[in-house]
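Fold and contact review
As a plain string of letters, each chain reads:
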Amino acid sequence: VAGGDVKATVPKRLREARLAQEAGPFEPLSALTWNVAGFSVGAHVAKAAKAPSTWSGEDNLREVQRLVRRWRPSVCALQECPGPEALLSLRREYLLVGTAQSHHGHVHLYCRRGLSFDRVELEGAEPCVAARLTVDGAVVAVVACHLPSGRSDSLAVERTACVRRALARCGAEDCGFR
């Protein structure tokens, strides 16, 4: 310790380290969203330009799951999943909060095991899954959606209204969403 008192500094740092250990490691809340869009839903199979010619929708789905397990987000939203069932390789580390049918496949929302959450039931057939997470006493609303694209004003208004309805059900109607 340059210019400091070693006897005073070392015990202080040890105390601080011990206190940090007692509090547990800090882990920020993280989220990941991914449009699987390589799994065949109907006749369409999307593929990256650099993907090998043999790359299939099943390959893409396996790779997405591998990356989710590698990055370990707290919350994961996947769009265009092939069905409503939880993806097998995510079941060990994640709980499926819920699924919803969208215009193209299914929306899945996952929370990492150990995270406290409550699923929020949405009215109607919204292509959304919603949850309230409790993190260090704070409540965080999470909504996973897969809305149709398009440039028409009426479609944009409906997409915005859909997300607002889902947020309102979570109790987050005044969160600045535009």
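Residues numbered from 1 in each chain as written. Predicted model: local features only at pLDDT ≥ 70, side-chain atom pairs only at ≥ 80, totals over all residues. Heavy atoms only, no water.

1. So, the overall build of the chain
Along the backbone of the chain there are three helices and seven strands. When the helices and strands of the chain are listed from N to C terminus, the series reads α-β-α-β-β-β-β-β-β-α. By the burial criterion, 33% of the 178 residues in the chain qualify as buried. For the chain, the proportion of contacts with a sequence separation of at least 24, taken over those separated by at least 6, is 49%. Total accessible area on the chain is roughly 11,200 Å²; 54% of this is exposed by carbon and sulfur atoms. (Helix = DSSP H or I, 4+ residues; strand = E, 2+ residues; numbered from the N terminus. Buried < 20%, exposed > 50% of the residue type's maximum accessible area, 1.4 Å probe, protein only. Contact = heavy atoms within 4.5 Å. Areas by Shrake-Rupley, 256 points an atom, 1.4 Å probe, with all protein chains shown as cover.)

2. Thoughts on the pattern of salt bridges
Taken as a whole and judged by the stated rule, the model has seven salt bridges. With a shortest N-O distance of 2.5 Å, Glu 126 and Arg 165 are connected by a salt bridge. Of the two residues, Glu 126 sits in the loop between β5 (116–120) and β6 (128–135) while Arg 165 sits in helix α3 (residues 153–169), which places them 39 residues apart along the sequence. (Salt bridge = Lys/Arg side-chain N within 4 Å of Asp/Glu carboxyl O.)

3. Some thoughts on the pairing of β6
By the bridge criterion, five bridges tie β5 to β6 in an arrangement that is antiparallel. Looking at the pairing, Ser 116 lines up with Thr 134 of β6. Alignment of β6 against strand β7 (residues 138–145), held across eight bridges, turns out to be antiparallel. Along β7, the bridge assignment pairs Val 129 with Ala 144. Hairpin connection of β6 to β7: two residues between the antiparallel strands, including Asp 136 at a positive phi of 50°. (Pairing = 2+ DSSP bridges.)

4. Some thoughts on the sheet that holds β6
Spatial ordering of the open sheet is given by β5-β6-β7, a layout of three strands whose pairing is antiparallel. The open sheet has two free edges, formed respectively by β5 and β7, since each of these has just one partner strand. Between one strand axis and the next, the sheet turns through 25° on average, direction left out of account. Lying over the sheet, α3 contacts β5, β6 and β7, oriented at roughly 150° with respect to β7. (Axes fitted to C-alpha atoms, helices over the stretch in contact; angles between N-to-C directions.)

5. Quick notes on unusual backbone geometry
Notably, Glu 80 is not glycine yet its phi reads approximately 60°, a positive angle. Residue placement: Glu 80 occurs in strand β2 (residues 75–81). In this structure Glu 80 comes out as buried when scored by relative accessible area, which is 10%. If you check the backbone angles, Asp 136 has positive phi at about 50° while not being a glycine. Relative to the assigned elements, Asp 136 resides in the loop between β6 and β7. Using a relative accessible area of 80% as the deciding quantity, one classes Asp 136 as exposed.

6. A look at the side chain of His 108
Mapping His 108 onto the fold places it in strand β4 (residues 106–112). At 2.7 Å, the side chain of His 108 forms a polar contact with the backbone oxygen of Gly 83. A polar contact of 2.8 Å, which involves the side chain of His 108, links it to the side chain of Tyr 110. (Polar contact = N/O pair within 3.5 Å; in protein donor to acceptor, adjacent residues only side chain to side chain.)

7. A closer look at the sheet that holds β4
Here four strands make up an open sheet; going across it, the order is β1-β2-β4-β3 and the pairing mixed. Each of the sheet's edge strands pairs with one partner strand only, and the pair in question is β1 (31–35) and β3 (94–101). With strand direction ignored, the average angle separating the axes of adjacent strands in the sheet is 15°. With five bridges joining them, β2 and β4 adopt antiparallel strand pairing. Each residue of the ladder has a partner; that of Cys 81, found in β4, is His 106.

These results come straight from atomic positions and should not be treated as a statement about function.
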